[in-house]
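In case you want the letters, here they are:
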Amino acid sequence: MLSMTGFGSKTVERSGRRITVEARSVNNRFLKCQFRLSRSLSAYEAEIEGVVREFITRGSVSLNVSLHDPASDSRYVIDAAQVLRHRDAAERLALETGLLPPAFLASYLTLPGSVVPLDEESGLDGTALEEVKSVVRDALRELVAMRRAEGLKLAREFMVITERTERTRAAIEKRSPIVVEDYRRKLEKRLQRLLADH
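Residues numbered from 1 in each chain as written. Predicted model: local features only at pLDDT ≥ 70, side-chain atom pairs only at ≥ 80, totals over all residues. Heavy atoms only, no water.

1. Brief notes about a nonpolar patch on the surface
Right, on to step 1. Taken together, Met1, Leu154, Phe158 and Ile161 make up a surface patch of nonpolar side chains, about 380 Å² in accessible area.
Right, on to step 2. For Met1, a relative accessible area of 56% gives the class exposed. (Patch = residues over 30% accessible without salt bridge, like charges linked within 9 Å, V, L, I, M, F, W, Y side chains within 5 Å. Areas by Shrake-Rupley, 256 points an atom, 1.4 Å probe, with all protein chains shown as cover. Salt bridge = Lys/Arg side-chain N within 4 Å of Asp/Glu carboxyl O. Buried < 20%, exposed > 50% of the residue type's maximum accessible area, 1.4 Å probe, protein only.)

2. What about the packing of helix α1 (residues 45-55) against helix α5 (residues 126-197)?
Right, on to step 1. Where α1 meets α5, the closest approach of the two axes is 10 Å, and the angle between their N-to-C directions is 30 degrees. When the interaxial angle is binned, α1 and α5 end up roughly parallel. Crossing geometry of α1 relative to α5 is assigned as right-handed. From α1, Glu47, Ile48, Val51, Val52, Glu54 and Phe55 reach across to α5, where they touch Leu129, Val132, Lys133, Val136, Arg137, Leu140, Arg141 and Val144.
Right, on to step 2. For the contact of α1 with α5, the per-class residue count stands at 9 nonpolar, no polar and 5 charged. (Axes fitted to C-alpha atoms, helices over the stretch in contact; angles between N-to-C directions. Helix = DSSP H or I, 4+ residues; strand = E, 2+ residues; numbered from the N terminus. Parallel < 35°, antiparallel > 145°, perpendicular 65-115°, else oblique. Left-handed = near helix turned anticlockwise from the far one by under 90°. Contact = heavy atoms within 4.5 Å. Nonpolar A, V, L, I, M, F, W, Y, C, P; charged D, E, K, R; others polar.)

3. With respect to the sheet that holds strand β2 (residues 17-26)
Right, on to step 1. Read from one edge to the other, the open sheet built from 4 strands follows the order β1-β2-β4-β3, with strand pairing classed as mixed. The sheet terminates laterally at β1 (6-14) and β3 (31-37), the two strands that pair on one side only. With direction set aside, neighbouring strand axes in the sheet form an average angle of 10 degrees.
Right, on to step 2. Where α5 meets the sheet, its contacts fall on β1, β2 and β4 (59-68), and the angle it forms with β1 comes to roughly 150 degrees. (Pairing = 2+ DSSP bridges.)

4. Some thoughts on a positive patch on the surface
Right, on to step 1. Residues Lys186, Lys189, Arg190 and Arg193 make up a contiguous surface patch of positive charge.
Right, on to step 2. With respect to the secondary-structure elements, Arg190 resides in helix α5. (Lys, Arg positive; Asp, Glu negative; His and termini not counted. Charge placed at Lys NZ, Arg CZ, Asp CG, Glu CD.)

5. Some points on the packing of aromatic side chains
Right, on to step 1. Evaluation of the coordinates by the stated rule reveals 0 aromatic pairs.
Right, on to step 2. Sitting above the plane of the Tyr183 ring, Lys186 keeps its charged end 5.8 Å from the centroid. (Phe/Tyr/Trp six-rings, centres within 6.5 Å; stacked < 30°, edge-to-face > 60°. Lys NZ or Arg CZ within 6 Å of the ring centre and 35° of its normal.)

6. Quick word on the environment of Glu150
Right, on to step 1. Here Glu150 is to be found in helix α5.
Right, on to step 2. Accessibility expressed as a relative area gives 28% for Glu150, which makes it partly exposed.
Right, on to step 3. Excluding residues within four positions of it along the chain, Glu150 makes contact with Ser3 and Thr5.

What follows is the structure, given as structure tokens:
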């Protein structure tokens, strides 16, 4: 018996990259996957879901996967398209409100998505993806082990409840003829009193 609730996590440093995976599951009749992936992994969601399906067939599973390459910390690129989107939005707002839009490029570079780490732009090589999938598998093994342990604990609790219910049922069954006989006698006495009064 498996519990639907579980948690597993794994952090590994491989090939100069740090891969962190957290997996959580709760009850659901079917398999439902929710992912929070590093930007560089978003194109591989279907492959990562395939790994989840290797381990889990039911439940609502939340998977957080981050991939960080410390060597890329000092390498950033400007997402020019995002900067232009920020500028266009600021100009539209300026027209609507009568306020002046920011005049300096630096104003737009501080907005979300304008400057991104180089590794997020470059995609993954096959080795990096296999490393990520391997860490996902490790976290899912831990999650499944927790679900199994919780399931065993639940099964033991169910056995205790079942045994207690069976003892109560047996006591009721043993006592039921006595109770019926008591009610029969009480009813008979009441009827005799009623008949004696009339």
